[in-house]
Amino acid sequence: MSKTVASQFPEGLESQFHRVWWFVALDLIAFWVVCKKKIRKFFGLKAPKVNSMLYDGLSKYCRDVKDTATSWRALDIVYNMKPFAKPQNMSERLYNLYYGMENAQAVRNRRKIIAAEITDAIKRAGAAGHSKVRIMSVAAGSAQSVMEGIGSVPENVDKVLLLDIDPKAIEHAKNLAVESGIGAKFDGVAAHFKEYSNHAEPFRPHVVEVAGLLDYLPENVAVEFFRNIKKRLPRGGTLLTCNIAPNKEQYFLKHVINWGRMIYREESELRGILEQAGFSDIRIFPEPLQIHQIAVCTAE
Ligand SMILES: C[S@@+](CC[C@H](N)C(=O)[O-])C[C@H]1O[C@@H](n2cnc3c(N)ncnc32)[C@H](O)[C@@H]1O
């Protein structure tokens, strides 16, 4: 396993005893938030502005994540946060606790693993005779994994096409690429993922990365989308994707962070979707906390 992949529990909560209490505490907070939302609804009031003082009430970082939940912005915050070495107040203590919550660690693990898999996919495409590789990222967001993956082999990459429904995501990602010195390779298109074929047809990608999208797609939509990707991948090309799996913090995610609407899938369900889409060379593995399943499908 890559040394860069974290699976540490929040400082001070390393023992099994503390772990159990951590999950109980998260569920109790979530239970209270559910009650609060129901009571407000009963009296015809809007959803609360603050879900819990112990999350978005006292921590600005948590509030920012909650207010941008499900978007690339929330992930951008979680990817790049750094714990306080010496927290001075309650807000900083809460920040450190939620920095270490398993789902936060798991998306950072996912980001690092996808970056490593992008590097491998570029090399694989090269070995299959595609010396200058084209990469397409769908629902690209900040495309941080893609940039990190290209980082060690930039000379093997011809072009990167980012597709995202949010033009601000594309703008942000392109600025990051410029800062990383690989901006000239990046192009972007603000489009719905269902327009994939229109953009992939002229671009002809060797590597397609789709992270943080499948979690929201029903099975039939996902199968059709991946079938379109499969149809256009050359031999030695790769589809990289992932799905969130059922986990102990999902109740908290949904009710306290307002990160709802996700479809939690087991490894077998993810495999089923990819097989129905026509892939046969499929490698699926979890990140260390088993919260995200990563799938690497190679076209034969
Ligand atoms: C959770 S973020 C994932 C971002 C990035 N792939 C990552 O893993 O860091 C989901 C992204 O999907 C984009 N998105 C949502 N619906 C979309 C759609 N229908 N078509 C294309 N992109 C979409 C959002 O704008 C957002 O950037």
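Rules of the game
Residues numbered from 1 in each chain as written. Predicted model: local features only at pLDDT ≥ 70, side-chain atom pairs only at ≥ 80, totals over all residues. Helix = DSSP H or I, 4+ residues; strand = E, 2+ residues; numbered from the N terminus. Buried ≥ 20, exposed ≤ 12 C-beta atoms within 10 Å, placed from the backbone. Contact = placed C-beta atoms within 7 Å. Domains from an automatic or database assignment. Nonpolar A, V, L, I, M, F, W, Y, C, P; charged D, E, K, R; others polar. Pairing = 2+ DSSP bridges. Axes fitted to C-alpha atoms, helices over the stretch in contact; angles between N-to-C directions. Arc of directions from axis to C-beta. Near = placed C-beta within 6 Å. Core = buried A, V, L, I, M, F, W, Y, C linked by C-beta atoms within 7 Å. Right-handed = clockwise from strand over helix to strand, strands pointing away.

Visitor: Any chance you could explain the overall build of the protein here in plain terms?
Guide: A tally of regular secondary structure across the protein gives 12 helices and seven strands. Taking the principal axes of the C-alpha coordinates as reference, the protein spans close to 60 × 40 × 35 Å. Expressed as a percentage of its 300 residues, the buried residues of the protein come to 39%. If you take every contact in the protein between residues at least 6 apart in sequence, the share linking residues at least 24 apart comes to 73%.

Visitor: What am I meant to see in the domain arrangement of the protein here?
Guide: By a frequent convention, interface size equals the accessible area lost on bringing the separate parts together. Partitioning the protein into structural domains gives domain 1 (16-104) and domain 2 (106-249 + 261-298). Distance between the C-alpha centres of domain 1 and domain 2: 29 Å. Listed by partner, the interface residues are 11 residues for domain 1 and 15 residues for domain 2. Considered class by class, the residues forming the side of domain 1 that touches domain 2 number eight nonpolar, one polar and two charged.

Visitor: Would you take a moment to explain the sheet that holds strand β5 (residues 238-244) for this structure?
Guide: Within a beta sheet, neighbouring strands are joined by backbone hydrogen bonds and run either parallel or antiparallel to one another. Ordered in space as β3-β2-β1-β4-β5-β7-β6, the seven strands form an open sheet in which the pairing is mixed. Looking at strand neighbours, the two that pair on one side only are β3 (186-190) and β6 (281-286), the edges of this open sheet. Going from strand to strand, the sheet's axes swing by 15 degrees on average, the running direction of each strand aside. Bridge count for β6 against strand β7 (residues 292-298) is six bridges, and the pairing is antiparallel. The residue of β7 that forms the bridge with I284 is A295. Along the sheet, helix α8 (residues 167-179) contacts β2 (157-164) and β3; its crossing angle with β3, the most-contacted strand, is approximately 175 degrees.

Visitor: Sorry, what's going on with helix α12 (residues 267-276) here?
Guide: Structurally, the α-helix is built with 3.6 residues per turn, so residues lying three or four positions apart point the same way. Of the residues making up α12, those classed as buried are L270, I273 and L274. On an axial view of α12, the arc spanned by its buried residues comes to 95 degrees, and they lie on one face. For α12, the secondary structure elements touched by its buried residues are α10 (219-232), β5, β6 and β7. At the exit of α12 stands G278, carrying a positive phi of roughly 110 degrees.

Visitor: Just checking my understanding: could you explain the site of the ligand for this structure?
Guide: Taken together, 17 residues form the shell around the ligand, and within it W72, A139, G141, A211 and G212 come nearest. Considered class by class, the residues forming the shell around the ligand number nine nonpolar, six polar and two charged. Residue-level mapping places the shell around the ligand at the junction of two domains, with at least three residues from each of domain 1 (16-104) and domain 2 (106-249 + 261-298).

Visitor: Just checking my understanding: could you explain the nonpolar core for this structure?
Guide: Generally speaking, nonpolar side chains in soluble globular proteins are found buried as a group. I118 and L162 are the most contacted members of the largest nonpolar core, which has 79 residues in total. When residues in this core are grouped by element, the largest group, 10 residues, is from helix α6 (residues 102-127). Summarising the domain contributions, this core has at least three residues from each of domain 1 (16-104) and domain 2 (106-249 + 261-298). When near neighbours in sequence (up to four residues on either side) are disregarded, L162 contacts S137, A140, A143, I170, A173, F186 and G188.

Visitor: When you look at the pairing of β5 in this model, what are you seeing that I'm missing?
Guide: Remark: a regular strand shows side chains that alternate across the two faces of the sheet. Burial runs high along β5: seven of the seven residues are buried. The handedness of the strand β4 (residues 207-210) to β5 crossover, carried by α10, is right-handed. Bridging between β5 and β7 involves seven bridges; their strand directions are antiparallel. Within β7, the residue paired with T238 across the bridge is T298.

Visitor: Got a minute to help me understand unusual backbone geometry in this structure?
Guide: Positive phi is not limited to glycine here, since T70 has a value of about 80 degrees. Along the polypeptide, T70 turns up in the loop between α3 (60-67) and α4 (72-80). Classification of T70 by C-beta neighbours within 10 Å gives partly exposed; the count is 16. Here N258, not a glycine, exhibits a phi torsion of approximately 60 degrees, which is positive. Along the polypeptide, N258 turns up in the loop between α11 (250-255) and α12.

Visitor: Just checking my understanding: could you explain the environment of F252 for this structure?
Guide: On the secondary structure map, F252 appears in helix α11. C-beta crowding within 10 Å serves as the criterion here: with 24 such atoms nearby, F252 is assigned to the buried category. Taking the C-alpha atoms as reference points, F252 and G129, 123 residues apart in sequence, are found 47 Å from one another.

Visitor: Help me understand the packing of α3 against α4, please; the structure alone is not making it clear to me.
Guide: Packed helix pairs are characterised by how far apart their axes lie and by the angle those axes make with each other. Where α3 meets α4, the closest approach of the two axes is 7 Å, and the angle between their N-to-C directions is 145 degrees. In this structure, α3 uses Y61, D64 and V65 to contact α4, whose residues at the interface are A74, I77 and V78. Split into classes, the residues belonging to the contact of α3 with α4 amount to five nonpolar, no polar and one charged.

Visitor: Can you walk me through the pairing of β2 in this structure?
Guide: A large share of β2 lies buried, amounting to six of its eight residues. By the bridge criterion, six bridges tie strand β1 (residues 133-138) to β2 in an arrangement that is parallel. What sits directly across from S137, in β2, is L162. Relative to β3, β2 is paired through five bridges, and the arrangement is parallel. For L162, the partnering residue across the bridge sits in β3 and is G188. Between β2 and its parallel partner β3, the chain crosses via α8, and the hand of that crossover is right-handed.

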